[in-house]
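Chains, contacts and geometry: an overview
If you want the building blocks of each chain, they are given just below.
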Amino acid sequence: MNTQQPGDPSGRAAAPFPAGAAGTGSPSRRGPTIVVAGGGTAGHIEPAMALADAVRRLRPDASVVALGTERGLETEIVPARGYPLELVPPVPMPRKASPELLRMPSKVRDSVRRTREVLERVGADVVVGFGGYVSLSAYLGARGRVPIIVHEANARAGLSNKVGARFAKEVLAAVPDSGLPGARTIGIPLRESITMLDRSSLRAQARAHYGLRPDAPTVLVFGGSQGARTLNTAFSGASDELGRAGIGVLHAHGPKNTVAVRELPGAPPYVPVPYLERMDLAYAAADLVVCRSGAMTVAEVSAVGLPAVFVPLPHGNGEQALNAQPVVAAGGARLVPDSELTPQRVIDEILPLAGDSDMLARMSRATLETGHREADRVLAKTTLEVAGA
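Just so you know, these numbers come straight off a predicted model, no measurement behind them. (Residues numbered from 1 in each chain as written. Predicted model: local features only at pLDDT ≥ 70, side-chain atom pairs only at ≥ 80, totals over all residues. Heavy atoms only, no water.)

Some remarks on the UniProt feature "binding site: UDP-N-acetyl-alpha-D-glucosamine" (unreviewed entry) in the protein chain
Note the following rule: UniProt positions are given in the numbering used here, feature names are shortened, and annotations may be inferred rather than shown by experiment. Throughout, exposure labels follow a simple rule: accessible area from a 1.4 Å probe, protein chains only, divided by the maximum for the residue type, with under 20% read as buried, over 50% as exposed, and the rest as partly exposed.
UniProt annotation of "binding site: UDP-N-acetyl-alpha-D-glucosamine" (unreviewed entry) refers to Thr-41, Ala-42, Gly-43, Asn-154, Arg-191, Ser-225 and Gln-320 when read in the numbering used here. By relative accessible area, which is 3% here, Arg-191 ends up buried.

Here it is, written out as structure tokens:
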């Protein structure tokens, strides 16, 4: 997933919280109260915020409250998007037997108790969970009291969502076969600046914004919010050949990293930046993207129809490779293992692809067919229906 910018990169804040909204104690609230739970990483938080925005577009009188912990990125992202955040104790699940495992029951009880207090105080009509530490508390706190909706973004469901799905009223997923029985596939809710993006009409502005040549084939490279050493090494090592071939590059290397490239006379610019504040412009500037394959990143790339070379993060349980598989199978992307992405692989495979406009056009059409631009609206409608609105 791309996690490089909190909130909507267009700079638009969410609508102000309405008078008489949940948590204010006022009896004048008219619309439903939606509690979203998805903390820790932007991959859990951004879909929750996209749902919040979509709910407010459909029902401006609705109140949306986010549930999180003090450890996660939600403390930055949620307030920046204009939504109230309620904090509860985190319940991280140990991966193996340890003293921490023995302390789990008391931690779970405390977090669930605090969660129930929040749900009662804000008058929750439905809880929508997206996984992560806070979702388990949300599901257990809401069980038997408030209707639950579970959304799974990854190709392989996490423990929290597996628990929540057992007693949820609705279970939805980004892709088929996520491991949640009976889940309805809808894609991942994305912010409107991505789902409404018209890359072709914005291309000239986007390339001017980043100092790219307007007529050169352009590759976008990024490895998440902190960058990716493999991508940085491979592309900086191939920068001379890319320039000689007339390929421009926009490369987000991460705020703690640098890449050294030479400026070749007459060649399109190779533009290194620490991070990308405007992902909409970055996508519009590119003809091809080379990136990790987190669930959010795959969803965004598919929604905007951008051909991709995915380089899955070589850690965890292999979920990034699984996230990429539907787009690869459709012909919209290629997959290169992290260990195989070298400067020579960039020169031999990615450079020719970047210059093949016919192949990129075919890949773009295939990518669009796998995208879900309406996921935010579909989930919002489902949420309001469950909330009785």
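Observations concerning the sheet that holds strand β9 (residues 248-252)
Under the convention used in this document: Pairing between strands is defined by DSSP: at least two bridges between them are needed. Only DSSP runs of H or I with at least four residues qualify as helices, and only runs of E with at least two residues qualify as strands; both kinds are numbered from the N terminus onward. Every axis corresponds to a line fitted to the C-alpha atoms, with the helix fit spanning only the stretch in contact, and the corresponding angles, defined between N-to-C directions, vary from 0 to 180 degrees. Whether two residues touch is decided by their heavy atoms; if any such pair falls within 4.5 Å, the residues are in contact.
Read from one edge of the open sheet, 6 strands run β10-β9-β8-β11-β12-β13, paired in parallel fashion. Only two strands of the sheet have a single partner each, and these edge strands are β10 (270-273) and β13 (333-335). The sheet shows a mean angle of 15° between the axes of neighbouring strands, taken without regard to direction. Bridge count for strand β12 (residues 308-310) against β13 is 3 bridges, and the pairing is parallel. For Ala-308, the partnering residue across the bridge sits in β13 and is Ala-333. Each of β8 (218-222), β11 (288-291), β12 and β13 is contacted by helix α14 (residues 343-354), which is oriented at about 150° to β11, the strand it contacts most.

Regarding helix α5 (residues 133-142)
Of all 10 residues making up α5, 8 are buried, and the element is well covered by its neighbours. Buried within α5 are the following residues: Val-134, Ser-135, Leu-136, Ser-137, Ala-138, Tyr-139, Gly-141 and Ala-142. Phi turns positive one or two residues past the end of α5, at Gly-144, with a value near 75°.

Side note on the packing of helix α13 (residues 319-330) against helix α15 (residues 357-370)
Threshold: The scheme is simple: roughly parallel for angles under 35 degrees, roughly antiparallel for over 145, roughly perpendicular for 65 to 115, oblique for anything else. Helix crossings are classified by the rotation of the near helix relative to the far one: an anticlockwise turn of less than a right angle makes the crossing left-handed, while a clockwise turn makes it right-handed.
Two numbers describe how α13 lies on α15: the axes approach to 8 Å, and their chain directions differ by 130°. As judged from the angle between their axes, α13 and α15 are oblique. Here α13 runs over α15; the crossing is right-handed. Residue-level contacts link Pro-326, Val-327 and Ala-330 of α13 to Ala-366, Thr-367 and Thr-370 of α15.

Here we look at the nonpolar core
The criterion, for reference: Definition of nonpolar core: a set of buried residues of the types Ala, Val, Leu, Ile, Met, Phe, Trp, Tyr and Cys, connected through side-chain atoms within 4.5 Å. These domain limits were set by an automatic method or by a database of domain assignments.
Grouped together as the largest cluster of nonpolar side chains are 41 residues, with contacts concentrated most on Leu-220, Phe-222, Leu-250, Leu-276, Tyr-283 and Phe-310. A per-element tally of this core places helix α12 (residues 295-304) first, with 7 residues. Summarising the domain contributions, this core has at least three residues from each of domain 1 (33-190 + 374-387) and domain 2 (193-370). Once residues lying within four places of it in the same chain are set aside, the contact partners of Leu-220 are Leu-250, Leu-276, Ala-282, Tyr-283, Ala-286, Leu-288, Val-289 and Val-290. By size, the runner-up hydrophobic cluster in this structure holds 27 residues, among which are Ala-42, Ile-45, Val-64 and Ala-66.

Describing the confidence of the model for the protein chain
For the record, the criterion: Each residue carries a pLDDT score, the predictor's own confidence in it, on a scale running from 0 to 100.
With 88% of its residues at a pLDDT of 70 or more, the protein chain has an overall mean of 88. The low-confidence segment residues 1-27, where pLDDT is below 50, has 77 contacts with residues more than four positions distant or belonging to other chains.

Considering the sheet that holds strand β5 (residues 148-152)
In space, the 7 strands of this open sheet follow the order β3-β2-β1-β4-β5-β6-β7, with parallel pairing throughout. Both edges of this open sheet fall to β3 (85-87) and β7 (184-185), since each of them pairs with a single strand only.

Brief notes about the pairing of β8
For β8, a buried count of 5 out of 5 residues is recorded, marking the element as mostly surrounded by other parts of the structure. Side chains Thr-218, Leu-220 and Phe-222 of β8 all project onto a buried face; the interleaved residues Val-219 and Val-221 project onto the opposite face, where all are buried too. As defined by bridge partners, β8 adjoins β9 across 5 bridges and the pair is classed as parallel. Residue pairing for β9: Val-221 is matched across the bridge by His-251.

Some remarks on the side chain of His-251
Put simply, the rule is: Under the rule applied, a polar contact is a pair of N or O atoms within 3.5 Å (in protein, one hydrogen donor and one hydrogen acceptor; residues adjacent in sequence only if both atoms are side-chain atoms).
Assignment of secondary structure puts His-251 in strand β9. Here Asn-232 takes part through its side chain, which lies 2.7 Å from a polar atom of the side chain of His-251. Those residues within four positions of His-251 in sequence are excluded, and the remaining contacts are Val-221, Leu-231, Asn-232, Phe-235, Val-259, Tyr-270, Val-271, Pro-272 and Val-273.

A word on the side chain of Asp-280
Relative to the elements of secondary structure, Asp-280 occurs in helix α11 (residues 279-285). Separated by 2.9 Å, the side chains of Asp-280 and Arg-278 make a polar contact.

Some words on the packing of α12 against α15
What describes two packed helices is the angle between their axes and the distance between those same axes. Spelled out, the test is: For this scheme, ten residues count as nonpolar: Ala, Val, Leu, Ile, Met, Phe, Trp, Tyr, Cys and Pro. Four count as charged, namely Asp, Glu, Lys and Arg, and the remainder, Gly too, count as polar.
Contact pair α12 / α15: the axes reach a minimum separation of 7 Å and the direction vectors enclose 120°. In this view, α12 runs oblique relative to α15, as classed from their interaxial angle. Handedness of the α12/α15 crossing: left-handed. Where α12 approaches α15, its residues Val-301, Ser-302, Ala-303 and Val-304 are matched on the opposing element by Thr-367, Leu-368 and Thr-370. Split by residue class, the contact of α12 with α15 holds 4 nonpolar, 3 polar and no charged.

Describing the environment of Val-175
Within the fold, Val-175 resides in the loop between β6 (170-173) and β7. Sequence-wise, Val-175 and Pro-326 are 151 residues apart; in three dimensions their C-alpha atoms are separated by 8.2 Å. Sequence-distant contacts of Val-175, defined by excluding residues within four places in its chain, comprise Asn-154, Ala-155, Thr-185 and Pro-326.

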